[in-house]
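Inside the fold
Residue-level listing of the chains:
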Amino acid sequence: MKKKMMSLLVRLSGNSGAYVPYLNWQQETWDYIIDNAPRAKINTIVLDVNDGLEFATHPEIAVKGAWSRGKLRLELERCKKRGLTVIPKLNFSAAHSHWMGEYHRMMCTPTYYKVCRDLITEVYELFGHPEYIHIGMDEEDEKHVANNDFAIYRQGELYWHDLRFLIDCVADTGAMPWIWACPLFDHPDEFRKHISPKEVILSPWNYNALRREHWTPIESRAEYVAYYNEGEYASMGIKYVEEDPFLVRFREVALPLMKEGYLYVPCASVYNRCKYNHLDLLEYFKENAPDEQIIGYMSAPWYRTIKENEPYFDETFALFSEAIEKFYN
């Protein structure tokens, strides 16, 4: 039986939303992460590359201080010596592709398609022909672009055309495309029509509790009280965070959609400050999903790789390793 991939998402570039023109990353913290990840039973790093690397095909994308290709080779070798496989991630979602610079505003043009293919092809070579390439594609909708200065997103057949194009770009290299599960969960009928099982890996993400006894009362944190009593949530009478419509939808569709044969890498996180999340998520899929359809798991702290954020990585290591030990020994 193939060993499960236990992966940690690490941000080289954080420019998936608010843009920073320099690499907000520290070597000391990166060293700390790759030294401690194997001790936490993590065997894979999913590296959020984006504009943090000097691509030969499009050097104009790189921010100040981006890794050179030589630096990348050095760090890949260091990871390999620690038993860590490194998977590249480039997020092409309209909500998270600010890292593409001017090309973000050229979406759906011949120039944009060429740049996407160039970057995917180059990252495949630079990372030594990885088994997977993560291309993001989460949260592409009106809600998640509404506050951007330049608000754009794809919908209808144009969206499915571009998703198909990006998946094919990855497949053409020889790697397996890996995306967030948003397109499947939000549009299951259309997804099944356009993307068949076995040609993509999906990461369903849930950063809160799943066991009912672990649910989080909204009164436990002032920001939850404020958040769930304003706007569209005000009339819902939400008493627990896990009654959020997004989390309800997750529990409604995550397991049933696996019957279609799709392959999952479920994702946990410390970002929502739920201490039960990793244990609950691994238990949920370990106990209820077909084992052969679970490629592995991922934890995504979502904090930049800098010294002040090391406590979040420590928390991730502790909670993720505890869950791995309990359910996968």
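Summary of the structure given here. (Residues numbered from 1 in each chain as written. Predicted model: local features only at pLDDT ≥ 70, side-chain atom pairs only at ≥ 80, totals over all residues. Heavy atoms only, no water.)

Here we look at the packing of aromatic side chains
Selection rule: Aromatic rings from Phe, Tyr and Trp, taking only the six-membered ring of Trp, are treated as a pair when their centres fall within 6.5 Å; an angle between ring planes under 30 degrees marks them as stacked, one over 60 as edge-to-face, and anything in between as tilted. Secondary structure elements are taken from DSSP: a helix is a run of H or I of four residues or more, a strand is a run of E of two residues or more, and numbering for both begins at the N terminus. Buried means the residue's accessible area, taken with a 1.4 Å probe over protein chains only, is under 20% of the maximum for its type, while exposed means over 50%, and partly exposed covers the values in between. Any Lys NZ or Arg CZ that is within 6 Å of a ring centre and within 35 degrees of that ring's normal is treated as a charge sitting over the ring.
Scanning the model with the defined rule gives 25 aromatic pairs in all. Between Phe 250 and Tyr 284 the ring centres are 6.3 Å apart and the planes differ by 40°, which places this aromatic pair in the tilted class. One end of the pair, Phe 250, is in helix H9 (residues 245-253); the other, Tyr 284, is in helix H10 (residues 277-288), with 34 residues separating them in the sequence. For the residue pair Phe 250 and Tyr 284, the accessibility class agrees, reading buried in each case. Ring centres of Tyr 264 and Phe 285 lie 6.1 Å apart, and the angle between their planes is 75°; this geometry places the pair in the edge-to-face category. Placement of the pair is Tyr 264 in strand S7 (residues 263-264) and Phe 285 in helix H10, with a sequence separation of 21 residues. With a relative accessible area of 0%, Tyr 264 lands in the buried category. Its end group placed over the ring of Trp 67, Lys 71 keeps NZ or CZ at 5.7 Å from the ring centre. Sitting over the ring of Tyr 224, Arg 221 keeps its end group 4.5 Å from the ring centre.

Concerning the pairing of strand S5 (residues 176-180)
Put simply, the test is: The criterion for strand pairing is that DSSP finds at least two bridges linking the strands in question.
Among the 5 residues in S5, 4 count as buried, and that is most of the element. Of the strand pairs in this sheet, strand S4 (residues 132-134) and S5 are connected by 3 bridges, and their pairing is parallel. Bridge assignment links Ile 133 to a residue of S5, and that residue is Pro 177. Direction of pairing for S5 relative to strand S6 (residues 201-203): parallel, over a ladder of 3 bridges. Counterpart to Trp 180 in the pairing with S6 is Ser 203.

Side note on helix H2 (residues 69-81)
Under the convention used in this document: Expected helix span is given by 1.5 Å per residue-to-residue step, counting one fewer step than there are residues. Directions pointing from the helix axis toward each C-beta atom define the arc. Any two residues whose heavy atoms approach within 4.5 Å at even a single point are treated as in contact.
Here H2 contains 13 residues, and its C-alpha end-to-end distance of 19 Å stays within 8% of the 18 Å for a straight helix at 1.5 Å per residue. Residues of H2 that are buried include every one of Lys 71, Leu 72, Glu 75, Leu 76 and Cys 79, and no others. Down the axis, H2 shows its buried residues gathered within 135° of arc, on one side only. Turned more than 90 degrees away from the buried face of H2, the exposed residues are Arg 73, Lys 80 and Lys 81. Here the buried face of H2 lies against helix H1 (27-36), strand S3 (85-89) and helix H3 (110-126).

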